[in-house]
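# Structural characterization, general
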Amino acid sequence: MWVKNAECKYIIENSWGVDFDLGTPEGVMANLSRCATELLKWSSNVFGQIPKKIQAKRNELNSLTLQDKDGALSTEINSLRKEVNDLLDDEEIYWGQRAKAHWLKEGDKNTKFFHTQASERRKQNTILGIEDSQGRWCNERDSIAQVAVEYFETIYETNSPTLIHEIIAAIPTKVIAEMNESLNKNFTRKEVVMALKQIHPTKAPGPDENQGAFTSDRLITDNVLVAFELMHFLNYKNVGNEGYMAAKLDVSKAFDRVEWCFIQAVMQKLGFNPKWVNLVMRCITSVSYLVLINGAAYGNITPTRGLRQGDPLSPTLFLICTEGLSALIHEAARNQLWTGISISRGCLRVTYLFFADDSILFCKASAEECRGFEAHPPKI
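On to helix α3 (residues 50–67), then. The end-to-end C-alpha separation of α3 is 26 Å, in line with the 26 Å expected for 18 residues at 1.5 Å each. All buried positions along α3 are accounted for by Ile 50, Ile 54, Leu 61 and Leu 64. Relative to the axis of α3, the buried residues are bounded by an arc of 95° and lie together on one face. Among the exposed residues of α3, those oriented more than 90 degrees off its buried face are Lys 52, Leu 66 and Gln 67.

Written as structure tokens, this is what we have:
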């Protein structure tokens, strides 16, 4: 809606690059913040109260139409009609964005539908009450907000882990010089423009909706098929002296609990260039959060751990973190503390399968391997 108005470009040009160094991440963030503030002020003045403006223009149009007996006011009438149509288009775009109905393409006038969708979303997202950590029920908006802010402040506060170096020692170096050379190339204007044009025009960027896995030549269904075959093997294995077992791990609030110092240490051990590590860490650590309660923003949470939900970079960073668990399992397998499962002679043994923040571990159903299972994963 903003880009249709020529003043939008003027606001950005006059807000960007003033008093802040664009050569640093901090300067870029400061410029983005200033632009956002100025655009919100401008939007409130230009696009605020659209229904009232439409009604006022319609009243003015009806008045001119009644006065125009000989066609002398046709120019003014046509100009007003254009203004009304433009306002109606702005109203439709506004409610379309509020409704989050991205599947519906532009074309027909769907303002009523969008308004209904937005109203339904607001109704579903309304929080009437919440229980605090002491078990007390809070139903005032400020008290609800306080509970929410305190909860997220706790979630995003680091636990200062002490076993990082023990885990890092098991991770092998995998990134070669050619990979680092490619990662450290300067961004080109063409790449930046391409990335911007790939963003949906009415919503925040996120992972590719067609993304099947973390690598382009694999599908998440590959792991599903392997898991199905292994579970089929476990269900029908009823001969032999040895039994096998599978354990599913589901990490609670997995992205929110990722320690920044651990991500940095893993990337360094994998062999990423320090310049690249620092760039990624700036992206991770430059975040702050507000809590939206029934349409009002509360708090100013500055986290010391966690990955942003919906960030296109977050799934890959989480996968890098799982290198720690993967390395510990491989180390246990090398030391014959963990056997894994082989469903036929000569077949590779499978010790684990990772599904983003979910994992399935496979081992012998024996006291020795269960002790090894107990000793290794909890370190992470």
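Looking at where Glu 259 falls in the secondary structure, it is placed in the loop between β3 (244–250) and α11 (260–270). A polar atom in the side chain of Glu 259 sits 3.0 Å from the backbone nitrogen of Asn 159.

So, on to the nonpolar core. Counting 42 residues, the largest nonpolar core has Ile 263, Met 267, Phe 272, Ile 284 and Leu 307 as the members making the most contacts within it. Those elements giving two or more residues to this core turn out to be α6 (141–155), α7 (164–168), α11, α12 (274–285), β4 (289–293), β5 (296–301) and α13 (314–334). For this core, the element with the highest residue contribution is α11, accounting for 7 residues. When residues no more than four places from it in sequence are discounted, the contact partners of Met 267 are Phe 272, Val 277, Val 280, Met 281 and Ile 320.

The end-to-end C-alpha distance of α6, which contains 15 residues, comes to 21 Å, matching closely the 21 Å that a straight helix rising 1.5 Å per residue would cover. Taken together, the buried residues of α6 touch β1 (130–131), β2 (137–138), β4 and β5.

Time to look at the pattern of salt bridges. Under the definition given, this model contains 9 salt bridges. The partner of Lys 248 in a salt bridge is Asp 358, and the shortest N-O contact between them spans 3.9 Å. Here Lys 248 is found in strand β3, whereas its partner Asp 358 is found in strand β7 (residues 358–364), with 110 residues between them in sequence. A salt bridge links Asp 311 to Arg 308; the nearest nitrogen and oxygen atoms lie 3.7 Å apart. On the accessibility criterion, Arg 308 (27% relative accessible area) is partly exposed.

Cut-offs applied
- Residues numbered from 1 in each chain as written.
- Predicted model: local features only at pLDDT ≥ 70, side-chain atom pairs only at ≥ 80, totals over all residues.
- Heavy atoms only, no water.
- Helix = DSSP H or I, 4+ residues; strand = E, 2+ residues; numbered from the N terminus.
- Expected span 1.5 Å × (residues − 1).
- Buried < 20%, exposed > 50% of the residue type's maximum accessible area, 1.4 Å probe, protein only.
- Arc of directions from axis to C-beta.
- Polar contact = N/O pair within 3.5 Å; in protein donor to acceptor, adjacent residues only side chain to side chain.
- Core = buried A, V, L, I, M, F, W, Y, C linked by side-chain atoms within 4.5 Å.
- Contact = heavy atoms within 4.5 Å.
- Salt bridge = Lys/Arg side-chain N within 4 Å of Asp/Glu carboxyl O.

Shape descriptors only; they carry no functional weight alone.
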